[in-house]
Amino acid sequence: MAAKTTTKAAVRGARRLPPNPPSTSGAQLSRRTANSPAAKMPGKAAAKSPAPATVTVNLKHLSAEIAERHDMAKKQADAVLTNVFEMLVTHLKSGHRVRIGGLGILEVKNRAARMGRNPATGVAIQIKASKKIAFRAAKELKDAI
């Protein structure tokens, strides 16, 4: 019996994900769910239809959209966006609060040391002090969502 060999291309092809679905507005989305088979069946609730897939937007997508909206090169938009995030990190490291109008406030909060429990054994453990990044959404963002 001959050993089965796989190429890197075949392995890569097996892991390849389908392309991201095109963005849809609320009107288009509601028409799709209204025309779904579950919505056409009497007695079937529309809530049982599968939820639309969540799309994750990353830095590359944001920079491409900025480049398109402002007629600039993608590399230039990527550099600008990267610098903005570097400045945010620098200000947060130095203890400043960062307020972005329409989005919200980012700040570093200190968490005190405290006692906790190991959930597996129930043994009390000491949790050391740490810092966390807190985000408080702006009213405009809350209203938009």
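Everything in this summary refers to the structure shown in the same document. In this numbering scheme, every chain counts its residues from 1 along its sequence in written order. Only residues with pLDDT of at least 70 are given local features in this predicted model, and only at 80 or more are side-chain atom pairs given and counted; all residues enter the totals for whole chains, interfaces and linings. To obtain the side-chain values, all non-hydrogen atoms of the structure were included, while hydrogens and water were left out.

A few points about the environment of Phe 135
Numbering of helices and strands runs from the N terminus, with a helix taken as a DSSP run of H or I at least four residues long and a strand as a DSSP run of E at least two residues long. Summarising the element assignment, Phe 135 is placed in strand β5 (residues 130–137). A sequence separation of 36 residues divides Phe 135 from Arg 99, and the C-alpha atoms of the two residues are 9.8 Å apart. We call two residues in contact when some of their heavy atoms are within 4.5 Å. Excluding its chain neighbours within four sequence positions, the residues that come into contact with Phe 135 are Leu 103, Gly 104, Ile 105, Leu 106 and Leu 141.

A word on the environment of Thr 82
By secondary structure assignment, the location of Thr 82 is in helix α5 (residues 74–93). When the C-alpha atoms of Thr 82 and Ser 63 are compared, they prove to be 8.9 Å apart, with 19 residues separating the residues in sequence. Here a polar contact is taken to be a pair of N or O atoms separated by no more than 3.5 Å, where protein atoms must pair a possible hydrogen donor with a possible acceptor and residues adjacent in sequence count only if both atoms sit in side chains. In terms of polar contacts, Thr 82 uses its side chain to reach the backbone carbonyl oxygen of Asp 78, at 2.7 Å.

A word on the side chain of Glu 107
By the secondary structure assignment, Glu 107 is in strand β2 (residues 104–111). The charged side chain of Glu 107 is buried without a salt bridge, its nearest counter-charge being Arg 136 at 4.3 Å. If near-sequence neighbours (up to four positions away) are discounted, Glu 107 is found in contact with Leu 92, Arg 97, Lys 132, Ile 133, Ala 134 and Arg 136. Think of it in three bands: with a 1.4 Å probe and only protein chains considered, a residue is buried below 20% of the maximum accessible area for its type, exposed above 50%, and partly exposed in between. When charges are counted, Lys and Arg contribute as positive and Asp and Glu as negative, whereas His and the chain ends are disregarded. Salt bridge criterion: a side-chain nitrogen from Lys or Arg within 4 Å of a carboxyl oxygen from Asp or Glu.

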